[in-house]
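# Report on the structure
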Amino acid sequence: MFVKRTKVKRAGREYVYLQLVEGYRDENGKVRHRVVAKLGREDELKASGQLDALAAAFARLDPPAAGIRREVGPLLLVAHLERELQIAATVDRLLPRSPRSELSVGELVVALLANRLCSPSPLYDVAGWSSGAAVRELFGIPPQLLDDDRLGRGLERFAACAEAVRGALAARAIERFGLDAGRLHVDLTALRMTGAYEDSSLVAKGWAQGQGVGRQVRALQASSAEGVSLYLRPEAGNAAELAAIGSSLERLRELAQANGRGPLLVCDSAVGQAKTLCRIARAGLRFIAPLKANTGWRERYLGEVGPAALAPLAYVSERERELPASGRSRYRGAIRDWEVADPESGERHRFRLVYVHSSEEEREVREARERALERAEEKLGRVRNGLGGRYYKTKRQVDARVAQVLAGPVKDLIRVKTATRGARPTISWRRDAGAIAAAARTDGVYALATNLPDRRLGANAILTRYKGQQIVERRHRDLKQTLRVRPVFLHKDERIEALVSIVGIALLVFGLIETELRKRLAEASEGERELMPGLLPEGRAAKPTGRNVLAAFQGLGLTYASEGIVLDRLTATQRRILELLEVEIPWPELGGVGIGKCGKRG
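Before going into details, it helps to say that this report is about the structure given with it. (Residues numbered from 1 in each chain as written. Predicted model: local features only at pLDDT ≥ 70, side-chain atom pairs only at ≥ 80, totals over all residues. Heavy atoms only, no water.)

## Structural notes on the overall build of the protein chain
Counting its regular elements, the protein chain contains 20 helices and 20 strands. In terms of overall dimensions, the protein chain has C-alpha extents of about 110 × 70 × 55 Å along its principal axes. Here the protein chain, with 602 residues, has 49% of them falling under the buried criterion. Total accessible area computed for the protein chain in this model is approximately 29600 Å², and 48% of it derives from carbon and sulfur atoms. Taking the average location of the 99 positive side-chain charges in the protein chain and that of its 75 negative ones, the two points are 5 Å from each other. (Helix = DSSP H or I, 4+ residues; strand = E, 2+ residues; numbered from the N terminus. Buried < 20%, exposed > 50% of the residue type's maximum accessible area, 1.4 Å probe, protein only. Areas by Shrake-Rupley, 256 points an atom, 1.4 Å probe, with all protein chains shown as cover. Lys, Arg positive; Asp, Glu negative; His and termini not counted. Charge placed at Lys NZ, Arg CZ, Asp CG, Glu CD.)

Dropping the structure here:
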């Protein structure tokens, strides 16, 4: 069956009509054609959008030929969790498909979600990826429909309801998988952009740690204590932490209250100022956050507490649990009240400060200071060697360079003297032992502020909760490395916001894969810590992570055979993962007969 174009001349004009034609053999065995349906005039079908709709319908009906291969990979896991979270249905409920649309927005979101998790690639290559992947077989989405224009238009529509979708999916994940959202680890990260984006209100130049100043979009992420990213909200690249946190407080409170527990936000030092903490408290949220130096906590610590008041804490990090006691970091702490006047409302807040000393951090701070001093002295040595030369002819030039060298962590720690002797500048320096000793008095010490009302929670309990902040930082790495978020060539803010939101949904699925597999593995081993064989090269065992679980399915494919679709034979590791997650296999395996849940015959 095919579409035939027939030209007809009428009143001096030529028109093209489309007909649906099928081939058959007559009684003599000759091939004949007959018209099954007259589709209409080509120009009128194009103008009304019906031509695209017909093409899409044929794309959904046209089956691949026998022998065609498709890459399945971790799409089996993605399809399973898409059904559990009802992602496409949630999107399409908020954005119903229009009569002229060939692809629903929910299908577009699922296709991009699958691409992020299975084979991250730029937006313009999604169609190429999906043509070789089992997107059609698992999600019913024809690859031909995932062209650039259709994806771009779909992203613009999705942007309008992205916030509502994120909230609905987070609530569904909490309900379906029993996640504990009572404690949320919140952090802000930066996603670097390429391109000019001169008219964008979302992409802006901003500073990011380790990356300097550049064009970026900021993203506020909130992760559950189990390590599942429940919230990812794009913000302007130059947005301040206070503005980003403030615009999301209502949604964060809704998430934290989803399972009826008191909401607690664990944040990083970006929010560690009185103004931000008071705003969080006014919103009815509890918090734990390290204070910034400009809050004056060091002076209060030295004046009111001091090293002698710090008592030993029992906290042991996960990576040091297997070490002997002598090889572990030692923690000491003390709690004091901290009364703060709200800069915005004038209200008085009574917070608690946990002063913590870490032996590991003390060692690292002292080593970093020594390295900084050595680098500064080396630079001053180069200045001395160049005195009277091209760059250091005058004392003024020398002083300007010295001011640059003594900025940052070595400020006030080195005493430099410059002068002029015989029309030639001179320089000498020495370390200020007193200033170095004064700076070292707070080495390894930091202050955690909290408004938790339960005073039975001591320094050890508060520190333990704060140390879970590495969870969201690890998810930031997954966001940029495993999922390779690259929202490039999207010169509309709506498309950028939508794509970042979809990456956030992918991060939610990513975290669920890791968390659920660890939970099921622990249940199967009766609570013992068990490693899964085959997750690392050479069949080595490892603790399941989202990254190594997805990698374990690379190379898995399907083949169209005369009797239908056949899945490649599963490895022992793949079979074990599917068994634990109760993922249904939709096709028989090569050399097998069963269809149903992995490990069971259908």
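From this point, the discussion proceeds with the structure in view.
## Some points on the packing of aromatic side chains
Counted according to the given criterion, the structure contains 5 aromatic pairs. Plain terms: the ring middles of Y301 and Y355 are 5.5 Å apart, the flat faces sit at 45 degrees to each other, and that makes the pair tilted. Here the residue Y301 occupies a position in helix α12 (residues 297-305), and Y355 occupies one in strand β13 (residues 348-358), the gap between them amounting to 54 residues. You can call Y355 buried: its relative accessible area is 2%. Ring centres of Y315 and Y331 lie 5.3 Å apart, and the angle between their planes is 85 degrees; on these two criteria the pair is classed as edge-to-face. With a gap of 16 residues between them, Y315 in the loop between β11 (311-313) and β12 (331-341) and Y331 in strand β12 connect regions that are remote in the sequence. On the basis of relative accessible area, Y331 is assigned to the buried category, the value being 5%. An aromatic cluster of three or more residues is present, and its members are F287, W338 and F351. (Phe/Tyr/Trp six-rings, centres within 6.5 Å; stacked < 30°, edge-to-face > 60°.)

## Looking at the pattern of salt bridges
For the coordinates displayed, the defined rule picks out 38 salt bridges. Residue R495 is joined to E156 by a salt bridge in which the shortest nitrogen-to-oxygen separation is 2.8 Å. With R495 in helix α18 (residues 493-524) and E156 in helix α8 (residues 148-159), this pair connects stretches of sequence that are 339 residues apart. For R495, a relative accessible area of 22% translates into the label partly exposed. Across the salt bridge formed by D443 and R369, the nearest N and O atoms sit 2.5 Å from each other. (Salt bridge = Lys/Arg side-chain N within 4 Å of Asp/Glu carboxyl O.)

## Focus: the environment of A133
Residue position: A133 is located in the loop between α6 (126-132) and α7 (135-139). On a C-alpha basis, the gap between A133 and S119 in space is 9.5 Å, while along the polypeptide they are 14 residues apart.

## Some points on the environment of R401
Here R401 shows up in helix α14 (residues 395-405). Residue R401 is classed as partly exposed on the basis of its relative accessible area of 25%. When the C-alpha atoms of R401 and E320 are compared, they prove to be 44 Å apart, with 81 residues separating the residues in sequence. When neighbours within four sequence positions are excluded, R401 is seen to be in contact with K379, V383 and Y392. (Contact = heavy atoms within 4.5 Å.)

## Digging into helix α20 (residues 572-581)
The periodicity of an α-helix, 3.6 residues per turn, causes residues three or four positions apart to be oriented the same way. What α20 keeps buried is the set T573, Q574, I577, L578, L580 and L581. Looking straight down α20, one finds that the buried residues subtend no more than 165 degrees of arc, so they occupy a single side. As for α20, its buried residues are in contact with α3 (75-85), α18, α19 (546-552) and β19 (584-585). (Arc of directions from axis to C-beta.)

## Some remarks on the pairing of strand β17 (residues 557-561)
In the sheet, strand β4 (residues 69-71) pairs with β17 via 3 bridges, with the strands oriented antiparallel. For R69, the partnering residue across the bridge sits in β17 and is T559. Bridging between β17 and strand β18 (residues 564-567) involves 4 bridges; their strand directions are antiparallel. When the bridges of β18 are listed, T559 appears paired with V566. (Pairing = 2+ DSSP bridges.)

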